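So you can see what is in the structure, the chains are spelled out below.
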Amino acid sequence: FAFGASVAKSFTSYLAVQGNFNMGGLKGENGAEKNYAFDTKINMQYSLSGVFNFGSISYFKGALSNFNYFASVGVGHISFEPNSTLNDVVVPEAGEQHLTGTTNNSYAKTTEFVMPIGIGAKYNIGKSFAAKAEYVYNIAFTDKLDDSTVGGSGNDSYSYINVGVNYTLGKN
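Cut-offs and rules
Residue positions within a chain follow its written sequence, with the count starting from 1. In keeping with the model being predicted, local features are shown solely for residues with a pLDDT of at least 70 and side-chain atom pairs are shown and tallied solely at 80 or more, while totals for entire chains, interfaces and linings include all residues. Only hydrogens and water are removed before side-chain values are computed, so all heavy atoms of the structure are retained for them. Pairing between two strands requires that DSSP report at least two bridges joining them. Here a helix means four or more residues in a row that DSSP labels H or I, a strand means two or more in a row labelled E, and each is numbered from the N terminus. Aromatic pairs are defined between Phe, Tyr and Trp rings, using the six-membered ring for Trp, whenever the two ring centres lie within 6.5 Å; interplanar angles under 30 degrees are classed as stacked, those over 60 as edge-to-face, and all others as tilted. We define a salt bridge as a contact between a side-chain nitrogen of Lys or Arg and a carboxyl oxygen of Asp or Glu at a distance within 4 Å. Burial classes: relative accessible area under 20% of the type maximum marks a residue as buried, over 50% as exposed, and values in between as partly exposed (1.4 Å probe, protein chains only). Put simply, a nonpolar core is a bunch of buried Ala, Val, Leu, Ile, Met, Phe, Trp, Tyr and Cys residues held in one set by side-chain atoms that sit within 4.5 Å of each other. Note on contacts: a residue pair qualifies if any of its non-hydrogen atoms lie within 4.5 Å across the two residues. On a scale of 0 to 100, pLDDT captures the predictor's confidence in every residue.

Peer 1: Please clarify how the pairing of strand β1 (residues 2-10) should be interpreted in this entry.
Peer 2: Here nine bridges tie β1 to strand β2 (residues 15-29), and the two strands are oriented antiparallel to one another. Its bridge partner being in β2, A5 is matched across the sheet by F21. Between β1 and β2, which follow one another and run antiparallel, lie four residues.

Printed below as a string of structure tokens:
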């Protein structure tokens, strides 16, 4: 579960810049090691993205013409604290012996670069309000999000779906 806020500035009807701030967590299992699970606290993720609005599909009439579609790509930072378990036992801190006899890779609070890539749709409710749904895929420039670098898998990534309400300030 996560929550966040964003603010955007439109330069044209097709181009905008958007700042995002998110907090929450990631949970999952790492397939490289059996019975290995992670629970990563995201202290904050902030990013700046270019937003490309495709507008509405003009051949729709009525309520369907209120839909607008967009894509975004950006860059930002993510601050996180990964924690993991192996066979339901908490993995010790960095440098301590792992249950398998190897040294643990557990990381304390870490900040890394992230690249969010998103697609979504907005439905105009009125002159100033719109409902929004978006899918965002995040590429983290690190292999530490899941508290494991086993197998040298390269960069970790994660995605989320967000829904929200937009309010337009100023001229519409």
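Peer 1: I would appreciate a short explanation of the packing of aromatic side chains in the present structure.
Peer 2: Each pair of aromatic rings is reported with the distance of its centres and the angle of its planes. Enumeration according to the criterion identifies three aromatic pairs in this entry. Where F129 meets Y167, the ring centres are 5.0 Å apart and the plane angle is 55°; that geometry is what we call tilted. Taken together, the residues F129 in strand β8 (residues 129-140) and Y167 in strand β9 (residues 157-167) connect sequence positions 38 residues apart. Three or more aromatic residues joined by ring pairs make a cluster, and in this case those are F67, Y69 and Y123.

Peer 1: It is not clear to me how the pattern of salt bridges should be interpreted in this structure. Could you clarify?
Peer 2: When the charged atoms of two side chains with opposite charge come close together, those side chains can pair. Scanning the model with the defined rule gives one salt bridge in all. Across the salt bridge formed by K132 and E134, the nearest N and O atoms sit 3.6 Å from each other. The same class applies to K132 as to E134, namely buried.

Peer 1: Would you mind going over the nonpolar core with me for this structure?
Peer 2: In a soluble, globular protein the nonpolar side chains are often hidden away together inside. Core analysis: the largest hydrophobic core is formed by nine residues, namely L26, F38, I42, I78, F80, V114, A140, L145 and Y158. Of all the elements in the fold, those that place two or more residues in this core are β3 (36-55) and β4 (67-81). Sequence-distant contacts of L26, defined by excluding residues within four places in its chain, comprise F38, D39, T40, I42, L145 and Y158.

Peer 1: Would you mind going over the confidence of the model for the protein with me for this structure?
Peer 2: With 74% of its residues at a pLDDT of 70 or more, the protein shows a mean pLDDT of 80. pLDDT under 50 marks residues 94-104. Its contacts with residues more than four places away, or in other chains, come to 22 contacts.

Peer 1: Can you walk me through the side chain of T40 in this structure?
Peer 2: Relative to the helices and strands, T40 is located in strand β3. The contacts of T40, once residues within four sequence positions are left out, are G24, G25, L26, F80, E81, P82, N83 and L145.

Peer 1: Looking at this model, I keep getting lost on the pairing of β8. Mind explaining?
Peer 2: Consecutive side chains of a regular strand alternate in pointing toward one face of the sheet and then the other. Alternating residues of β8 divide into A130, K132, E134, V136, N138 and A140, all buried, and F129, A131, A133, Y135, Y137 and I139, none buried. Here strand β7 (residues 110-124) runs beside β8; their pairing, made up of eleven bridges, is antiparallel. Directly across from Y123, in β8, lies its bridge partner A131. A loop of four residues connects β7 with β8, the two strands running antiparallel in sequence. Inspection of the sheet shows β8 paired to β9 by eleven bridges, in the antiparallel sense. Its bridge partner lying in β9, N138 is registered against Y158.

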